[in-house]
Structures are given as C-alpha cells and as structure tokens.
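These are the residues of each chain, in order.
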Amino acid sequence: MKELQDRIKKDGIVISEDILKVDSFVNHQVDPTLMQHVGAEFAEHFKDRGITKIATIESSGIPPALMTAQAMELPLIILKKQPSAVLNDHLYQTEVTSFTKETSYELTLSSKFISEKDHVLIIDDFLANGEAATGAIRLIRKAHATVAGIGVLIEKSFQPGHEKLTSQGFDVYALARIGHMEKDKITFID
Ligand code: 5GP
C-alpha cells in the first residue's frame, strides 16, 4: 500500500536494525484517515471469506483492527494482555513472548465473545517473529474457532514471522513489507 509506505518513509524512525518506531501515526498518535484506508484495504483483500469477527492484540493493533471491523461491518474482539495467568473458567489464555519488551504476558479472551462458529481475521500493527500472531491463533483455536487470515500493517520481512505463519498455510497480508532498514533508509519489497 503506497500511502502507508510513503508515510513510513516520511515519519517512521529506525531505532535499531530491527525496531521501527511509528508512534506519530500508528502507536501513540494515530492518523485516523490512514487507518480508514488501511481498514478498507484489509476489507477488500479478505472479503467473501465467511469472516465473522476481527481480532487484535491490545493495544497498538486496535486502530487498524477497528477500522477493518467497521469496513467489514463485523465486531472487533480485543485480546487482552495480562501479566500472569488468572484461573477462570470463562477465560481462554495463552502465554506470549513480547518482541519489543523481551518479556512474556498472558493473552486473554473471554468465552462470551467467541464460539466454534467463528471464523476470525487477526489484525496487528507489526509482524516480526510471529509470536503475537501465533499466540492469537492458539487462543482462537482454544475456543474451537477458526482463523481466516492475518493482516498486518508492517511486516519486517527479514524476521521469521512471515515464513512461520505462511508455512502453516495462513494467508498473511502485509500492507508494507520491509526488506531492510537502517538509519534514514528503509527498503520495501513487493
Ligand atoms: P512478533 O510477535 O511478530 O515478534 O512481534 C509483533 C508485536 O511486537 C507487534 O504486536 C508489535 O506491537 C511489536 N513489534 C514488533 N516489532 C516492532 C517494531 O519494529 N516496532 C514496534 N513499534 N513494535 C513492534
């Protein structure tokens, strides 16, 4: 998506060779018009797949996921991060290792908002090692629901997440794929 690539080039900040900061338009301050276009793009790519719900991981996936849910006229479920497991019959939980924070957390979903009838599209801001997406998939499967695909704004294609997910047969749709990055230079791949 050219609009997103242009914005990353203009406002993205390369923190290190594997961390990109996009907090002026995605993570901290949010550009709603860009998110609306992102939502329309995901809705077009994933249309006619029998999707019943959109899921995202709190908190930085929420803006693009909400706009996708709106474009597809579907509910959004937010997978919550909790520091440790809580025992509760009505919760599905799974442990995920955080890429940016080098810690782990419990990803949590109430059984009230998912059932075996659901076919879920996962939306997130970044795909790096694929841990967050894999955790989301595990959680959705614990509820006996199915995964329709994974949409991410930015895939760092030099990290293993894309391969990990596509090798399991998932449709991974990334709006911007970064092949390489260094200070003041970000290279995209098609
Ligand atoms: P993964 O689980 O695929 O390794 O990492 C994905 C998660 O880590 C995303 O939900 C995102 O919040 C965070 N993340 C991964 N790489 C980056 C990055 O370069 N910049 C920022 N801001 N977040 C990242």
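In what follows, the structure referred to is the one given above.
Each value, and the rule that gives it
- Residues numbered from 1 in each chain as written.
- Predicted model: local features only at pLDDT ≥ 70, side-chain atom pairs only at ≥ 80, totals over all residues.
- Heavy atoms only, no water.
- Helix = DSSP H or I, 4+ residues; strand = E, 2+ residues; numbered from the N terminus.
- Rg over C-alpha atoms; globule rule 2.2 N^0.38 Å.
- Buried < 20%, exposed > 50% of the residue type's maximum accessible area, 1.4 Å probe, protein only.
- Contact = heavy atoms within 4.5 Å.
- Lys, Arg positive; Asp, Glu negative; His and termini not counted.
- Charge placed at Lys NZ, Arg CZ, Asp CG, Glu CD.
- Phe/Tyr/Trp six-rings, centres within 6.5 Å; stacked < 30°, edge-to-face > 60°.
- Lys NZ or Arg CZ within 6 Å of the ring centre and 35° of its normal.
- Polar contact = N/O pair within 3.5 Å; in protein donor to acceptor, adjacent residues only side chain to side chain.
- Pairing = 2+ DSSP bridges.
- Right-handed = clockwise from strand over helix to strand, strands pointing away.
- Near = heavy atom within 4 Å.
- Areas by Shrake-Rupley, 256 points an atom, 1.4 Å probe, with all protein chains shown as cover.
- Expected span 1.5 Å × (residues − 1).

**Student:** Give a detailed account of the overall build of the chain, specifying residues and quantitative values.
**Tutor:** A tally of regular secondary structure across the chain gives six helices and ten strands. Over its C-alpha trace the chain gives a radius of gyration of 16 Å, about what one expects of a compact globule, namely 16 Å for 190 residues. Based on the C-alpha atoms only, the size of the chain along its principal axes is roughly 50 × 35 × 35 Å. In the chain, which comprises 190 residues, the proportion classed as buried is 46%. Once local pairs closer than 6 in sequence are excluded, the contacts in the chain between residues at least 24 apart make up 62%. Side-chain charges in the chain split into 21 positive and 27 negative, and the spacing between the mean points of these groups amounts to 1 Å.

**Student:** So what about the packing of aromatic side chains? Which residues, and what values?
**Tutor:** For the coordinates displayed, the defined rule picks out two aromatic pairs. A ring pair is formed by Phe-42 and Tyr-173, whose centres lie 6.1 Å apart and whose planes are at 80°; its orientation type is edge-to-face. One end of the pair, Phe-42, is in helix α3 (residues 32–45); the other, Tyr-173, is in strand β9 (residues 172–182), with 131 residues separating them in the sequence. A centroid spacing of 6.3 Å and a plane angle of 75° characterise the contact between Phe-46 and Tyr-173, whose relative ring orientation is edge-to-face. Of this pair, Phe-46 sits in the loop between α3 and β3 (53–57) while Tyr-173 sits in strand β9, and the two are 127 residues apart along the sequence. Each member of the pair, Phe-46 as well as Tyr-173, is classed as buried. Put simply, the rings of Phe-42, Phe-46 and Tyr-173 touch in pairs and so form one group of aromatic residues. Here the basic side chain of Lys-81 rests over the ring of Tyr-105, its NZ or CZ set 5.0 Å away from the ring centre.

**Student:** Break down the environment of Lys-183 for me, citing the residues and quoting the values.
**Tutor:** Turning to its location among the elements, Lys-183 is positioned in the loop between β9 and β10 (185–189). Given the relative accessible area of 65%, Lys-183 is considered exposed. Sequence separation of Lys-183 and Glu-17 is 166 residues, and the distance between their C-alpha atoms is 7.9 Å.

**Student:** Just give me the short version of the side chain of Thr-108, but keep the residues and values in it.
**Tutor:** Within the secondary structure layout, Thr-108 lies in strand β6 (residues 104–110). Within the structure, the side chain of Thr-108 is placed 3.5 Å from the side chain of Gln-93, a separation counted as a polar contact.

**Student:** Mind laying out the pairing of strand β4 (residues 76–82), listing which residues take part and the relevant values?
**Tutor:** Judged from the four bridges that link them, β3 and β4 form a sheet pairing that is parallel. Each residue of the ladder has a partner; that of Thr-56, found in β4, is Ile-78. Regarding topology, helix α4 (residues 62–72) serves as the crossover connection from β3 to the parallel β4, and that connection is right-handed. When β4 meets β6, the two strands line up antiparallel, connected through three bridges. Residue pairing across strands places Lys-81 opposite Leu-107, the latter belonging to β6.

**Student:** Explain the site of the ligand residue by residue, including any values.
**Tutor:** As a structural note, the neighbourhood of the ligand is formed by 17 residues, with Leu-20, Asp-124, Gly-130, Ala-132 and Lys-156 the closest of them. A distance of 3.3 Å separates a nitrogen atom of the ligand from a polar side-chain atom of Asn-27. A distance of 2.7 Å separates an oxygen atom of the ligand from a polar backbone atom of Gly-130. Across the complex, the protein chains shield 89% of the 500 Å² of accessible surface that the ligand would expose by itself. Elements with a contribution of two residues or more to the shell around the ligand: β2 (19–21), β7 (119–127) and α5 (131–142).

**Student:** How would you summarise α5 if you had to cite specific residues and measurements?
**Tutor:** The first and last C-alpha atoms of α5 sit 16 Å apart over twelve residues, in line with the 16 Å expected at 1.5 Å per residue. Regarding α5, the residues found buried are Ala-133, Thr-134, Gly-135, Ala-136, Ile-137, Leu-139 and Ile-140. Taken from the residues just after α5, His-144 is the one with a positive phi, measuring 60°.

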